[in-house]
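Okay, here's what each chain looks like letter by letter:
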2 protein chains.
Amino acid sequence: MADSAKPVSRPHRESRKEAAVAVDETQAVQLGELSDLLGYVLKRAQLKVFEDFLRCVAPLQLTPAQFSVLLLLDGNPGRNQTEIANTLGILRPNFVSLLDSLESRDLCSRVRSANDRRSHILMLTDKGRSVLARAKKLVVTKHEARLNELLGPDGRETLLAMLTKIAEDF
Amino acid sequence: MADSAKPVSRPHRESRKEAAVAVDETQAVQLGELSDLLGYVLKRAQLKVFEDFLRCVAPLQLTPAQFSVLLLLDGNPGRNQTEIANTLGILRPNFVSLLDSLESRDLCSRVRSANDRRSHILMLTDKGRSVLARAKKLVVTKHEARLNELLGPDGRETLLAMLTKIAEDF
DNA sequence: TATTGTTATACTCTATAACTATA
DNA sequence: TATAGTTATAGAGTATAACAATA
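Residues numbered from 1 in each chain as written. Chains lettered and ligands numbered in written order. Predicted model: local features only at pLDDT ≥ 70, side-chain atom pairs only at ≥ 80, totals over all residues. Heavy atoms only, no water.

Enquirer: Go over the protein's contact with DNA strand D with me, naming the residues and quoting the values.
Expert: In the vicinity of DNA strand D lie 16 residues, with Gln 81, Thr 82, Arg 110 and Arg 118 of chain A together with Asn 94 of chain B positioned nearest. Within 4 Å of the protein, the atoms of DNA strand D are drawn from sugar and phosphate moieties in a proportion of 55%. One of the side-chain N or O atoms of Gln 81 of chain A is found 2.7 Å from a phosphate oxygen in DNA strand D. Between DNA strand D and Arg 117 of chain B there is a distance of 2.8 Å, counted from a phosphate oxygen to a backbone nitrogen or oxygen. Those elements that provide at least two residues to the surface near DNA strand D are helix H3 (81–88) and helix H4 (92–104) of chain A together with helix H4 (92–104) of chain B. Of the residues forming the surface near DNA strand D, the biggest block, three residues, is contributed by H4 of chain A. Taken together, the residues of the surface near DNA strand D break down into four nonpolar, six polar and six charged. (Near = heavy atom within 4 Å. Polar contact = N/O pair within 3.5 Å; in protein donor to acceptor, adjacent residues only side chain to side chain. Helix = DSSP H or I, 4+ residues; strand = E, 2+ residues; numbered from the N terminus. Nonpolar A, V, L, I, M, F, W, Y, C, P; charged D, E, K, R; others polar.)

Listed below in structure tokens is the structure:
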């Protein structure tokens, strides 16, 4: 509602060209208010962190999602697919192929529950436990260590606390 | 390498059932070490924030990506598609349909550059400027306001600073 | 020869409906 | 009737190759 459709009187000779706004192309585009938008910075940071996670855990070929499943199975024996998937915010249909890939690599297994023969109890295999242990070591010594270096132990704790607050209470 | 394939002597009567590990199903699954993994919490927080952004800006039907494009066009007149897309970390091929949707809603327009007739200068339309202004108001008064309420102004600044550090230097 | 915008394409994530076998 | 796991499918988001127009 400010200026309408360019009734700007066309300038003189030098710049009668279509859209020559005299922009310094060597100058970087300005983020402006975008750099103050929490969601934007949050997303960029998240991508960076996942990228680094993948790099650090590359020797074991685990994605963040796969790692989180193994970690959850280790700490919660006897749970079924629905329970694990729900906890991670993964929809049951999408959890099937994720599990298939882990099971085909012999990292975990589905065991038909005797209590309720509809459900599959999930368990880590020995190989799964071993891979998880090695993955944890990589995450701690490489991935989280780099974050610690960047933020300092205090900064990391502060950040974690605030993100947890957002994830839980926002 | 710890315990091998379940040579566990089968227990007595009561629990001879297949995989009855006596789990309290009413008890929530424990996140365990996952709640200390920065990447995990970061991702969950990011999803929450984007969710709230969409809710707050729903009246204007703008996604975070679309909003960021409008914001960037407003602050950087005379730039072409490649420059804007690169700044946002969007690949040029994927930027085409994003722009198509904005242009079809008359929020921005592509103008063939006179300097380099290969490139399209991007400009906000009057409607684009108007929608952006209204979107900014919604973001500030609803979205960021809620975050401020949760974290406090200081907390929000601290969080932004740390996330920026990760996004830029990690 | 290189670059801009574009098309085509593919792969991952995410989301919903519906089936089967059990309960 | 309802639930667990599954299939099929569709839509975003993201990635690469290649083409036409232009430099």
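Enquirer: Please set out the pattern of salt bridges residue by residue, giving values where relevant.
Expert: Side-chain pairing between opposite charges can occur once the charged atoms of the two side chains come close. Scanning the model with the defined rule gives 20 salt bridges over all chains in all. Its salt-bridge partner being Arg 55 of chain B, residue Asp 52 of chain B comes within 3.4 Å of it at the nearest N-O pair. Of this pair, Asp 52 of chain B and Arg 55 of chain B both sit in helix H1 (residues 38–57), three residues apart, which is roughly one turn of that helix. Accessibility expressed as a relative area gives 1% for Asp 52 of chain B, which makes it buried. Of the charged contacts in the structure, one is a salt bridge between Arg 129 of chain B and Asp 126 of chain B, with a shortest N-O distance of 3.0 Å. Residue Arg 129 of chain B and its partner Asp 126 of chain B are both found in helix H5 (residues 126–169); the two are separated by three residues, about one turn of the helix. In the salt-bridge network here, residues are joined through shared partners; they are Asp 52, Arg 55 and Arg 146 of chain A. (Salt bridge = Lys/Arg side-chain N within 4 Å of Asp/Glu carboxyl O. Buried < 20%, exposed > 50% of the residue type's maximum accessible area, 1.4 Å probe, protein only.)

Enquirer: I'd like a rundown of the relation of the copies chain B and chain A, residues and numbers included.
Expert: Expressed as a screw transformation, the operator carrying chain B onto chain A has a rotation angle of 180 degrees and an axial translation of 0.0 Å, and the superposed copies differ by an RMSD of 0.1 Å. On this basis, the relationship between the two copies can be described by a two-fold rotation axis. Rotation axis and chain B: the residue whose C-alpha lies nearest the axis is Leu 159 of chain B, separated from it by 3.2 Å. Mapped onto chain A, 100% of the interface residues of chain B again fall at the interface, so both copies present the same surface. (Least-squares fit on C-alpha atoms with pLDDT ≥ 70 in both. Contact = heavy atoms within 4.5 Å.)

Enquirer: So what's going on with the side chain of His 143 of chain A? Residues and values would help.
Expert: Among the structural elements, His 143 of chain A can be located in helix H5 (residues 126–169). The buried category is assigned to His 143 of chain A, whose relative accessible area is 0%. Apart from residues lying up to four places away in sequence, His 143 of chain A is in contact with Val 49, Asp 52, Phe 53, Cys 56 and Leu 138 of chain A together with Phe 170 of chain B.

Enquirer: Which residues make up unusual backbone geometry, and what are the values?
Expert: All names here are of chain A. In this structure, Gln 61 is a non-glycine residue whose phi angle is positive, near 55 degrees. When you line up the elements, Gln 61 lands in the loop between helix H1 (38–57) and helix H2 (64–75). Classification of Gln 61 as exposed rests on a relative accessible area of 58%.

Enquirer: Can you explain the interface of chain B and chain A? Please cite residues and give values.
Expert: On the side of chain A, 82 residues touch chain B, which itself brings 82 residues to the contact. With both sides pooled, the region where chain B packs onto chain A buries about 7400 Å², and carbon together with sulfur makes up 66% of that total. Sorting the residues of chain B by area buried against chain A places Val 29, Leu 38 and Phe 170 of chain B first, and these three jointly supply 11% of that buried surface. Linking chain B with chain A are two salt bridges, by the criterion used here. (Buried area = accessible area lost by both parts, 1.4 Å probe.)

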